[in-house]
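Breakdown of the fold
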Amino acid sequence: MNSALHILHYKTISARSFLLNLNAEKATKIIVGIFVLTCFFGGSFFFFYRVFDYLGSLQDIGVLLMNKLVSLGFLAIFVMLVISNIVTSISTLYRSRETAFLLSTPVSHQQVFTVKFVDNIFYSTWAVMLLGLPLIFAYGLVRGFVLWEYLFEMFCVLLPFIIIPACIGVTFAGVMFMVSRHVSPRSLAISLFSIIILVIVLYFKLGRPSSLAFNVVSDWRVLNRYIGSIGATSFPFLPSYWVSETLRTLAEEGRRALLVYMLAMVSTTLFFLNFVFRIAGKYYYKSWLAASEHRSDKPAVRVLKKTSSRFFRLPDWMPSDFRAVLSKDLKLFVREPAQWAQFTVLLVLLVIYLINLKYFPTNVEDSYWKTLIGFANFAFSGFILATLSVRFVFPTISLEGRAIWAITSSPMPLRRVFWEKFWSAFLIFLLLSEVLAFVSNMMLGLRGVLMLLTFFSVLCMSMSLTSLSIGLGATFPRFDERNPGKIASSMGGMLTTIISLIYVGAMVIIAALPANKYTLYKMYPDLPFPSFEVGLAVSLMLILNLTAIVVPLKLGIRSMRKRNF
Amino acid sequence: MIELINVTKKFGDKIAVSDLSLEVKSGEFFAFLGPNGAGKTTTIKMMTGLLKPDGGTVKICGIDISQQPGEAKMKTGYVPDSPYIYEKLTAREYLLFTGGLYRMPQEKIESKIEWLFDLFAMNGWADSRCEEYSHGMRQKVIFCSAFLHEPEVLVVDEPMVGLDPQSARLVKDLLKKFSTRGTTVFVSTHTLSVAEELCDRIGIVNKGELIALGTLDELRSKAVSDGENLENLFLKLTGGSARTEPYFGPEDE
């Protein structure tokens, strides 16, 4: 039997054994997880369905907007898949102990690569696709596709759509490790991200995607110009464009037109697979060796380390146990390339967002639009915070891993460990999110009450999201896993993502009512100040945030106390 | 047999293994001694294809592992210091899996598995998942998988870690038996008693360089001529002190 198939066969046995030997606690967690995922899936499906249904009812422009939305959705999924594949491949193809084990056997390097490539696709794709599928199904339903045909067609289209970013991501990671033999990983990362930012700035300078929204909402008279500009932001050479065009042609021109895009996707996938496997045959092992060899520090790095060790020397007024754990956490974060690489990716996304805001029309005087833009910004900030907290705070307890005995056997109480994790993450998030809120509000020309409201809400959100991630991270720990990315995309991580997103949604909804009334009050000064609505919103926010802070932490501490280390 | 010809490995500007040349003959039991960080594991990783030498050649049974890694690995059984194991597989499944990686026929794997389970007294545990095993039990499974395909060369990194006295005795006996049957055994350890008890020849490595090589008697006679035992010779060669009295800090003086 082919070695790759042989290994995959036993990995399947291993997975089956995991599922068949679940204890009651794990089974309950999985059932609850599946239930919440289903609710999220259903909720997002319903949301997209309502949006598409509404757009479908608008004459001419509606279908166009719907297609544009789907196209943007697929572009976002495509970008997420590429990033996810790069980040995941660092651990699955290069840092995994299983890879080292397989490479010590007579199995050819290419076969090992095949196994890990399949692994990588699975780990980097499932969570992203789970977020994307509601959009696809809602679109299908609104455009009246027959379910089984649609499922089959989607399978044919999505399979290549998943494989292409995997090929790109894996190649990128491989090149990165090959180059890292000659260049230090830090300068490599800085150069790469500088290039990415440059490309993105150029994209926004040339493409101006945000101008779409403005054109639509403010200037209905220049509809022709708007329709003409839609093409400018599409990328006809990207698979995301082919998928959205496949969907469009399926709905509008029938199956015959579908063939062109299907052929484009299948041929590109085959080209990429052929390319990646040829390259892997020659260079995978070399890049693995490059990744597994420890570089000794050059003098400049030594100086940097000396400076950073001064940075890690935390103030003496902190309790020594608290200081010890905090210092250890900071050092581990900085010394784990996968961690700071992904943190930088997310920071880049934030920069993209802020650059995008720079091109957003800020000369909107109308209070209604100002409030709406403010809320969209608030919701987006919440979304970013939720993503960051699940990705970086959720794995912190799990990352203690097998070394957690060092803490649990020390005199430091468990509750204190939780507080250390909470405060360190919260303060970093608070700083980041308040800066984001300030800069974005300034760029959008939002001042006064709306700015203060954003500051207060962001403070609440930082606190609650940190607590949710730490508490649920301890409730669903993965002590056997060293890769923070995998921990964050585990069932517990997904559950935390969903709960965090629901929380952000609830915060937006609670704030919406007084904001709406306040806007009306500003527009029509005869109306009374909405004190009841403001009071209600503040009370609801307090209840929601207290629950989001206290309950997860209690659950987490209880779960940890029940464990044997 | 194993040949290391002028093997060098650097990590940045740190030299982990420096111009190491060594030949371990067929059926020989060789102990590779050295303190922590001496370059033992780096050398073993180069012998198993997990690191590539910056200079020199590593040959297993005459096959250059850099040129023909698959062929060289077919002849090698490897027990790493911290082995990877599929937690959710049972010991039997794990061995069926590794047997497949070494392209052994199914019937042969099954019969060998039974023999190994008998040998390691693992029959009661054969169908339990590895996650349920103690450290020693896992180590036994790893040894089983290394012995499974009857390798011509056995490379063992720190063999006694986590084994109970019975299992340690068993492993020692097995390694000796394999070596007398013609298998080349290369053991990296810093447990001097293992080297003294089992090995035909000993190499002592320090800071990436081979600083002593010879049979046990040769090293012993050198030690005696220097008025030392093997442990003190080892400590002296590797830069440790041969202090006999424990030292509890300045207050002790």
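Residues numbered from 1 in each chain as written. Chains lettered and ligands numbered in written order. Predicted model: local features only at pLDDT ≥ 70, side-chain atom pairs only at ≥ 80, totals over all residues.

Some points on the overall build of chain B
Within chain B, the secondary structure is distributed over nine helices and 10 strands. The C-alpha radius of gyration computed for chain B amounts to 19 Å, which stays within 12% of the reference 18 Å derived for 253 residues, consistent with globular compactness. Principal-axis analysis of the C-alpha atoms gives chain B an extent of 60 × 45 × 35 Å. For chain B, long-range pairs separated by at least 24 residues make up 69% of all intrachain contacts whose partners lie at least 6 apart in sequence. (Helix = DSSP H or I, 4+ residues; strand = E, 2+ residues; numbered from the N terminus. Rg over C-alpha atoms; globule rule 2.2 N^0.38 Å. Contact = placed C-beta atoms within 7 Å.)

Observations regarding unusual backbone geometry
Residues and elements named next belong to chain B. The phi torsion at asparagine 6 lies on the positive side, around 50°, for a residue other than glycine. Of note, asparagine 6 is situated in strand E1 (residues 2–11). For aspartate 19, which is not glycine, the phi torsion reads 45° and is therefore positive. Position of aspartate 19 relative to the elements: it lies in strand E2 (residues 14–24). C-beta crowding within 10 Å serves as the criterion here: with 14 such atoms nearby, aspartate 19 is assigned to the partly exposed category. (Buried ≥ 20, exposed ≤ 12 C-beta atoms within 10 Å, placed from the backbone.)

Focus on the packing of helix H18 (residues 414–443) of chain A against helix H19 (residues 449–475) of chain A
All names here are of chain A. At their nearest, the axes of H18 and H19 sit 8 Å apart, and the two run at 150° to each other. Comparing their axes, H19 and H18 come out roughly antiparallel. Like other packed secondary-structure pairs, H18 and H19 cross with a definite hand, here right-handed. Between H18 and H19, the contacting residues are Phe418, Lys421, Phe422, Ala425, Phe426, Phe429, Leu430, Ser433, Glu434, Ala437 and Asn441 on the first element and Met451, Thr454, Phe455, Val458, Leu459, Ser462, Met463, Thr466, Ser467 and Ile470 on the second. Looking at side-chain class alone, the contact of H18 with H19 contains 13 nonpolar, six polar and two charged residues. (Axes fitted to C-alpha atoms, helices over the stretch in contact; angles between N-to-C directions. Parallel < 35°, antiparallel > 145°, perpendicular 65-115°, else oblique. Left-handed = near helix turned anticlockwise from the far one by under 90°. Nonpolar A, V, L, I, M, F, W, Y, C, P; charged D, E, K, R; others polar.)

What about the interface of chain B and chain A?
The interface of chain B with chain A comprises 23 residues on the first partner and 24 residues on the second. Of all the secondary structure elements, the ones that give two or more residues to the side of chain B that touches chain A are helix H2 (69–74) and helix H3 (91–101) of chain B. Here the side of chain B that touches chain A takes four residues from H3(B), the largest share from any one element. Taken together, the residues of the side of chain B that touches chain A sort by class into 11 nonpolar, five polar and seven charged.

A word on the environment of B:Thr238
Residue and element names in this part refer to chain B. Here threonine 238 shows up in the segment after helix H9 (230–237). Residue classification places threonine 238 among the partly exposed positions, given that 18 C-beta atoms sit within 10 Å. Threonine 238 sits 33 residues away from valine 205 along the chain, and the two C-alpha atoms are 7.8 Å apart. Discounting chain neighbours no more than four positions away, the residues touching threonine 238 are Gly34, Pro35, Ile204 and Asn206.

Some details on the confidence of the model for chain B
Considering every residue of chain B, the mean pLDDT works out to 85; 91% of them sit at 70 or more. Interface scoring of the predicted complex returns ipTM 0.76; its pTM is 0.72. (pLDDT = per-residue confidence, 0-100.)

Digging into the sheet that holds strand E8 (residues 184–189) of chain B
Residues and elements named next belong to chain B. With respect to topology, six strands assemble into an open sheet ordered E6-E7-E8-E3-E9-E10, the strand pairing being mixed. Strand pairing shows two members of the sheet lacking a second neighbour, strand E6 (76–79) and strand E10 (209–215), which therefore form its edges. Neighbour to neighbour, the strand axes of the sheet diverge by 15° on average, direction disregarded. Where strand E3 (residues 29–33) meets E8, five bridges bridge the pair, whose relative direction is parallel. In the strand pairing of E8, phenylalanine 29 is matched with valine 185. Here helix H1 (residues 40–47) sits on the sheet in contact with E3, strand E7 (153–157), E8 and strand E9 (201–206), set at roughly 150° to E7. Its contacts with the sheet place helix H6 (residues 165–180) against E3, E7 and E8, and it is angled at close to 145° to E8. (Pairing = 2+ DSSP bridges.)

Structural notes on the confidence of the model for chain A
The predicted model of chain A has a mean per-residue pLDDT of 79, with 80% of residues at 70 or higher. Between residues 226–232 of chain A, whose pLDDT stays under 50, and residues either more than four places distant or in other chains, the model counts seven contacts.

Considerations on the packing of helix H4 (residues 106–119) of chain B against helix H5 (residues 135–148) of chain B
All names here are of chain B. In the contact formed by H4 and H5, the axes pass within 10 Å of each other and the chain directions differ by 135°. Accordingly, the angle class assigned to the pair H4 and H5 is oblique. For the pair H4 and H5, the crossing hand works out as right-handed. For the pair H4 and H5, contact is made by Ile109, Lys112 and Leu116 and by Cys144, Phe147 and Leu148, respectively. Of the residues that constitute the contact of H4 with H5, the class distribution is five nonpolar, no polar and one charged.

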